[in-house]
Amino acid sequence: FERHDGAVLGGTIDKFIYLVCLPMSSVAETRYRLTYSQVETINAPEDVQHPVIREVLLDEGYDVPFNLAVISDIPGGSGLGSSSAFTVGFLNLVRHLKGTSPTKYDLAQAAIRVESELLHERVGVQDQYHAAFGGFSLYEFRQQQTSISPVQMSTRLRDLLNASLVMVHTKHYRSASAILEEQIRATKEGSVDSDLGMIKALAYEARDVFLAKDEDAALRELGKMLSETWKIKRSLSSSISNQRLDEIYNSAMSLGAFGGKLAGAGGGGFFVFL
C-alpha cells in the first residue's frame, strides 16, 4: 500500500482475549507473575519472556509490580488476529494503569509500532485496526494515513449475514510470519501487484454490494467475492493453501456455500464461509 494505497473490508467476531490484572501483593517473592500458555515469575520487565509484554513494558516505561492472567476464547495461530488483539489489549491495559485513556486510533498505531518496529514481526496493519475499532468497516491505507468507513447495510442484510456466516476450523495452527515469507518477497519485488490490486478492487466492490436492495442476491454475490478473493490469495504464495485446505473448501462449496476464504495469512486456522 506504500506504492499503490490499500484497502481492506473486514470486521470483528464475538471471540475475545481477556486480560485480568491485579497489583502484586507486597509480600510476594517476585515483582511480576504472568500466566498465559506458560507461567513467568520475574522481578524486572527486561526478564519477561513473552515478547509483547516485555517490549510494551519497556517502551511504556511501566515498572509497577502486577499479577497478570491471559484468557483467550480461541488459541493463537488461528488466523483470526489474536496476536494483534493481545497487543492492542495489553497496550490499553498498561496505559489505563498509567492513568491515561488512549483513543482507538492511538491504540492501533501503537500496536503496529510494537509488532512491526520493536518486534520486527511480519504482519500487516489491518489486524491492529480491527482489534482497536471493532465493528465492520472499510479501511483505506495511504502511506501514513488511514481512513475508516463503517459499512452501511440494511437490518435484514445484517441479520442474513450473521445467520449465514460459518467458521470451519482446519485443525491446524501455524505461524503467520513463516507463511508470509514468500508473499512478502514477491510483494517487495512487485511481482504480485496485479493480484493485490484485484483483491483491493474487490473490497470496494463488496462495500457497494452491501447497499443493494435485494438482500438475498447481495448475500450470494458477497459469497462469490469471498471465493474470488481466496482464489487470488492462493496465487500469492505456495504455502497459503495445500491439499487438506483445498478439500475443506471444496466440501463446503459442494454442500451449498455461496463462497468462502481462509482467514489470516494462510496455511491453517479457520475458513469463513457464507
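On a predicted model such as this, the values are computed, not experimentally measured, just so you know. (Residues numbered from 1 in each chain as written. Predicted model: local features only at pLDDT ≥ 70, side-chain atom pairs only at ≥ 80, totals over all residues. Heavy atoms only, no water.)

Peer 1: Sorry if this is basic, but what is going on with the packing of aromatic side chains here?
Peer 2: For any pair of aromatic rings, the description rests on two quantities: the centre-to-centre distance and the angle between the ring planes. In total, this model carries 14 aromatic pairs according to the counting rule given. Where Tyr249 meets Phe273, the ring centres are 6.2 Å apart and the plane angle is 35°; that geometry is what we call tilted. Residue Tyr249 is located in helix α9 (residues 243-254), and its partner Phe273 is located in strand β10 (residues 270-273); the two are separated by 24 residues in the primary sequence. A relative accessible area of 10% places Tyr249 in the buried class. (Phe/Tyr/Trp six-rings, centres within 6.5 Å; stacked < 30°, edge-to-face > 60°. Helix = DSSP H or I, 4+ residues; strand = E, 2+ residues; numbered from the N terminus. Buried < 20%, exposed > 50% of the residue type's maximum accessible area, 1.4 Å probe, protein only.)

Peer 1: I keep staring at a nonpolar patch on the surface and nothing clicks. Help me out?
Peer 2: There is a patch of nonpolar side chains on the surface, built from Phe16, Tyr18, Val20 and Ile71 and spanning about 380 Å² of accessible area. Summarising the element assignment, Ile71 is placed in strand β5 (residues 66-72). Accessibility expressed as a relative area gives 47% for Ile71, which makes it partly exposed. (Patch = residues over 30% accessible without salt bridge, like charges linked within 9 Å, V, L, I, M, F, W, Y side chains within 5 Å. Areas by Shrake-Rupley, 256 points an atom, 1.4 Å probe, with all protein chains shown as cover. Salt bridge = Lys/Arg side-chain N within 4 Å of Asp/Glu carboxyl O.)

Peer 1: Is there a simple way to explain the pattern of salt bridges in this structure?
Peer 2: Pairing between side chains becomes possible if they bear opposite charge and their charged atoms approach one another. Evaluation of the coordinates by the stated rule reveals 13 salt bridges. Linking Arg54 and Glu55 is a salt bridge whose minimum nitrogen-to-oxygen distance equals 3.2 Å. Side by side, Arg54 and Glu55 carry an identical accessibility label, which is buried. With a closest N to O distance of 3.0 Å, Lys98 and Glu60 form a salt bridge. Separated by 38 residues along the polypeptide, Lys98 in the loop between α2 (82-97) and α3 (104-118) and Glu60 in helix α1 (residues 51-60) bring together distant segments of the chain. In the salt-bridge network here, residues are joined through shared partners; they are Asp59, Arg113 and Glu117.

Peer 1: Whenever I open this one, the nonpolar core confuses me. Can you help?
Peer 2: What tends to happen in soluble globular proteins is that the nonpolar side chains get buried as a cluster. Judged by nonpolar contacts, the single largest core of 30 residues is most densely connected at Ile53, Phe66, Leu68 and Phe90. Of all the elements in the fold, those that place two or more residues in this core are β3 (32-35), α1, β5, α2, α3, α4 (126-133) and β6 (136-142). Beyond its immediate sequence surroundings of up to four residues, Ile53 is in contact with Leu34, Val48, Leu68, Phe86 and Phe90. Ranked by size, the runner-up nonpolar core spans 15 residues in total, among them Leu157, Leu160, Leu202 and Val209. (Core = buried A, V, L, I, M, F, W, Y, C linked by side-chain atoms within 4.5 Å. Contact = heavy atoms within 4.5 Å.)

Peer 1: It is not clear to me how the side chain of Glu140 should be interpreted in this structure. Could you clarify?
Peer 2: The topology assignment puts Glu140 in strand β6. In terms of polar contacts, Glu140 uses its side chain to reach the side chain of Arg142, at 3.2 Å. (Polar contact = N/O pair within 3.5 Å; in protein donor to acceptor, adjacent residues only side chain to side chain.)

Peer 1: When you look at the packing of α2 against α4 in this model, what are you seeing that I'm missing?
Peer 2: Angle between the axes and distance between the axes: these two values describe a pair of packed helices. The geometry of α2 relative to α4 is characterised by a closest axis approach of 8 Å and an angle of 55° between their N-to-C directions. Relative to α4, the element α2 is oriented oblique. Our pair here, α2 against α4, has a crossing hand that is right-handed. In this structure, α2 contributes Ser84, Ala85 and Val88 to the contact, and α4 contributes Asp127, Gln128, Ala131 and Ala132. Residues belonging to the contact of α2 with α4 are distributed by class as follows: 4 nonpolar, 2 polar and 1 charged. (Axes fitted to C-alpha atoms, helices over the stretch in contact; angles between N-to-C directions. Parallel < 35°, antiparallel > 145°, perpendicular 65-115°, else oblique. Left-handed = near helix turned anticlockwise from the far one by under 90°. Nonpolar A, V, L, I, M, F, W, Y, C, P; charged D, E, K, R; others polar.)

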